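Overview (structure and organization)
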Amino acid sequence: MTQLPEQAIDRVANYFQALAEPTRLRILNLLREAEHNVGELAEACGYTAANMSRHLAVLMQQGFVKREGRGTSVYYQIADPTIYALCDLVCDRITQQHLEQAWPMVAASKKRVSGTRKSV
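Residues numbered from 1 in each chain as written. Predicted model: local features only at pLDDT ≥ 70, side-chain atom pairs only at ≥ 80, totals over all residues. Heavy atoms only, no water.

This brings us to the sheet that holds strand S3 (residues 73-78). Strand order across the open sheet formed by three strands is S1-S3-S2, with antiparallel pairing between neighbours. Of all the strands in the sheet, the pair left with one neighbour each is strand S1 (36-37) and strand S2 (65-70). Relative to S3, S2 is paired through six bridges, and the arrangement is antiparallel. Note that in S3 the partner of Lys66 across the bridge is Gln77. Strands S1, S2 and S3 of the sheet are contacted by helix H2 (residues 22-33), whose axis makes an angle of about 90° with S3. (Pairing = 2+ DSSP bridges. Helix = DSSP H or I, 4+ residues; strand = E, 2+ residues; numbered from the N terminus. Contact = heavy atoms within 4.5 Å. Axes fitted to C-alpha atoms, helices over the stretch in contact; angles between N-to-C directions.)

Okay, here's the thing in structure tokens:
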């Protein structure tokens with residue numbers, strides 16, 4: 001990380017804090033495929049429209065999503081598609097870590113199974 005002024009570090013922390021909520025990640029994932037209104041997002045995530053609106057407000061404040069009114073509905077869409085590059089990077093890393101951690105368990109499990117067969 002390059003040297004950032006203290007105020008910039010606070011902004012970076014707020015940016016990542018917005019992503020630290022699983023519901024907000026679900027919202028970003030849903031919006032990756034298509035725009036949605038609050039009701040559609042609430043139904044897909046299993047929350048009330050009011051709760052969903054609060055999450056969307058945080059995402060808007062950080063510039064992740066934008067809203068567009070159409071008649072009586074408001075639709076949300078991604079404002080900054082570069083967020084997906086970051087999400088993909090993190091998801092790929094976590095998948096890699098999971099596989100690395102699972103590999104010794106799988107190998108140990110196979111040894112126990114093969115060891116058990118020999119003793120039978």
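Having seen the structure, we can now continue with the description.
This brings us to the packing of H2 against helix H3 (residues 38-45). When two helices pack together, their arrangement is given by the angle between the helix axes and by the axis-to-axis distance. Contact geometry of H2 with H3 gives a least axis separation of 10 Å together with a crossing angle of 120°. Between H2 and H3, the angle falls in the class oblique. Of the two elements, H2 crosses H3, and the hand of that crossing is right-handed. Within the contact between the two elements, H2 uses Arg26, Ile27, Leu30 and Leu31 and H3 uses Leu41, Ala44 and Cys45. (Parallel < 35°, antiparallel > 145°, perpendicular 65-115°, else oblique. Left-handed = near helix turned anticlockwise from the far one by under 90°.)

What follows deals with H2. Here H2 is twelve residues long and its end C-alpha atoms lie 18 Å apart, about the 16 Å a rise of 1.5 Å per residue gives. The set of residues buried in H2 consists of Thr23, Arg24, Ile27, Leu28 and Leu31. Relative to the axis of H2, the buried residues are bounded by an arc of 140° and lie together on one face. (Expected span 1.5 Å × (residues − 1). Buried < 20%, exposed > 50% of the residue type's maximum accessible area, 1.4 Å probe, protein only. Arc of directions from axis to C-beta.)

Right, let's talk about the packing of aromatic side chains for a bit. Taken as a whole, this structure holds two aromatic pairs when the rule is applied. Considering the side-chain rings of Tyr15 and Phe16, the 5.7 Å spacing of their centres and the 80° angle between planes classify their relative orientation as edge-to-face. On the basis of relative accessible area, Phe16 is assigned to the partly exposed category, the value being 45%. Measuring from ring centre to ring centre gives 4.7 Å for Tyr15 and Phe64, while their planes differ by 55°; the resulting arrangement is tilted. Here Tyr15, found in helix H1 (residues 6-19), pairs with Phe64, found in the loop between helix H4 (49-61) and S2; they are 49 residues apart in sequence, far enough to count as distant. Taking relative accessible area as the criterion, Phe64 reaches 1% and is therefore assigned buried. (Phe/Tyr/Trp six-rings, centres within 6.5 Å; stacked < 30°, edge-to-face > 60°.)

Here we take up the nonpolar core. Ile27, Leu28, Leu31, Met52, Phe64 and Val65 are the most contacted members of the largest nonpolar core, which has 19 residues in total. Sorting the residues of this core by element identifies H1, H2, H3, H4, S3 and helix H5 (83-119) as the ones contributing at least two each. Top element by residues in this core is H3. It accounts for four residues. Beyond its immediate sequence surroundings of up to four residues, Ile27 is in contact with Leu41, Cys45, Met52, His55, Leu56 and Leu59. (Core = buried A, V, L, I, M, F, W, Y, C linked by side-chain atoms within 4.5 Å.)

A separate point is the environment of Ser53. Its place among the elements puts Ser53 in helix H4. Classification of Ser53 by relative accessible area gives partly exposed; the value is 33%.

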